[in-house]
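Coordinate analysis (summary)
One letter stands for each residue in the lines below.
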Amino acid sequence: SLFSVELKISDGDGGGNRVVIEPSLEDLQATYVQAIERMVTSIRGITSVDNDAVSLLVLEPRILLNVGAADPLYADLDSTIKHTKQNITQLIASAMKQPLELAGMYAEYIWLLDEEVDEYLDSYINAEERVQKEQYEEQLHKLNSAMKGINNIAYRYESFGFVRVDTEGARAFLYGRALEK
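What you see as residue numbers is a count from 1 along each chain, following the sequence as written. With the structure being a predicted model, the display of local features is reserved for residues of pLDDT at least 70 and the display and counting of side-chain atom pairs for 80 or more, all residues being used for whole-chain, interface and lining totals. Each side-chain value is derived from all of the structure's non-hydrogen atoms; neither hydrogens nor water enter the calculation.

Moving on to the packing of helix α1 (residues 25–44) against helix α3 (residues 75–95). Closest axis-to-axis distance for the α1/α3 pair is 9 Å, and the angle between their directions is 155 degrees. Taken as axis vectors, α1 and α3 run roughly antiparallel relative to one another. As α1 runs across α3, the sense of the crossing is right-handed. Seen from α1, the contacting residues are Leu25, Leu28, Gln29, Tyr32, Val33, Ile36, Glu37 and Val40; seen from α3, they are Ile81, Thr84, Lys85, Ile88, Thr89, Ile92 and Ala93. For the contact of α1 with α3, a count of residues per class yields 10 nonpolar, 3 polar and 2 charged. Helix axes are fitted only over the stretch in contact, all axes being lines through C-alpha atoms; the angle between N-to-C directions runs from 0 to 180 degrees. Only DSSP runs of H or I reaching four residues or more are called helices, and only runs of E reaching two or more are called strands; each is numbered from the N terminus. Should an angle lie under 35 degrees it is considered roughly parallel, over 145 roughly antiparallel, and from 65 to 115 roughly perpendicular; all remaining angles are considered oblique. Each crossing is labelled by how the near helix is turned from the far one, with a counterclockwise turn of less than a right angle marking it left-handed and a clockwise turn marking it right-handed. Contact criterion: two residues are considered in contact whenever any of their non-hydrogen atoms come within 4.5 Å of each other. The nonpolar class holds Ala, Val, Leu, Ile, Met, Phe, Trp, Tyr, Cys and Pro. Asp, Glu, Lys and Arg form the charged class, and all remaining residues, Gly among them, are polar.

Now the structure itself:
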């Protein structure tokens, strides 16, 4: 695996919780695109040696490959660089499909975080009607199924070729919340 990522529980923008991969897909894509951009900048910084070789004449340094600067002489190289960035972005998105699906599997249990444990218990204690035994058993069965399901989704580390996903933090957090309830 080229990268190690981690599943985490994150506060969503709208106030809800969600399971995310860190670093994100966008962060991984940006890492590769930035590497290409740094290479282009380095190549554009290579100048001819004629100003150093001919010390008696004052010559301005001349850029050998003016790529990435919209120079019409290097339009084909600029196009190749642009297509390479697009291809890499698409390949990374494709390689991250399965890790994102894994995050979705853990997201099925995000309902465990909807309310705090105290609120959860208060809803049973302060209920206007007494909670029926069947309802209570149903809730216990749901929590028990969640604990089993969370532990059976994946191993601590799942390798997908491009990335290795560490699931322990999200798994332990969700399992702990189910156990508390």
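For a regular strand, side-chain orientation follows a simple rule: the groups alternate between the two sheet faces. Should DSSP find at least two bridges between two strands, the strands are regarded as paired. As paired elements, strand β1 (residues 3–11) and strand β4 (residues 163–166) share 4 bridges and run parallel to each other. Counted as the bridge partner of Phe3 is Val163 from β4. Two elements, β1 and strand β2 (residues 17–22), share 6 bridges in a ladder whose sense is antiparallel. Note that in β2 the partner of Leu7 across the bridge is Ile21.

This part takes up the pattern of salt bridges. A pairing counts as a salt bridge when a side-chain nitrogen of Lys or Arg comes within 4 Å of a carboxyl oxygen of Asp or Glu. Summed over all chains, the structure comprises 6 salt bridges. In this structure, the salt-bridge partner of Arg171 is Glu168, at a minimum N-O distance of 2.8 Å. Note that Arg171 and Glu168 are positioned in helix α7 (residues 168–180) at a spacing of 3 residues, about one turn of the helix. Throughout, exposure labels follow a simple rule: accessible area from a 1.4 Å probe, protein chains only, divided by the maximum for the residue type, with under 20% read as buried, over 50% as exposed, and the rest as partly exposed. In this structure Glu168 comes out as partly exposed when scored by relative accessible area, which is 29%. Between Glu180 and Arg177 there is a salt bridge, and its shortest N-O distance comes to 3.6 Å. Of this pair, Glu180 and Arg177 both sit in helix α7, 3 residues apart, roughly one helical turn.

Bringing the nonpolar core into the picture now. Only buried residues count toward a nonpolar core, which is a set of Ala, Val, Leu, Ile, Met, Phe, Trp, Tyr and Cys residues joined through side-chain atoms within 4.5 Å. Residues Leu7, Met96 and Tyr106 are the most contacted members of the largest nonpolar core, which totals 28 residues. Elements that contribute at least two residues to this core include exactly β1, β2, α1, α4 (97–107), α6 (133–152), β4 and α7. Beyond its immediate sequence surroundings of up to four residues, Tyr106 is in contact with Leu7, Val19, Ile150, Ile153, Ala154, Thr167, Arg171 and Leu174. Val40, Val67, Tyr74 and Ile81 belong to the second largest nonpolar core, which has 5 residues in total.

This brings us to the sheet that holds β1. Taken in spatial order, the 4 strands of this open sheet run β2-β1-β4-β3, and their pairing is mixed. In this open sheet, the two strands that pair with only one neighbour each are β2 and β3 (157–159). Strand after strand, the sheet turns through a mean of 25 degrees between neighbouring axes, direction not considered. Where α4 meets the sheet, its contacts fall on β1, β2, β3 and β4, and the angle it forms with β2 comes to roughly 155 degrees. Strands in contact with α7 are β1 and β4; relative to β1, the strand with the most contacts, it is inclined by about 30 degrees.

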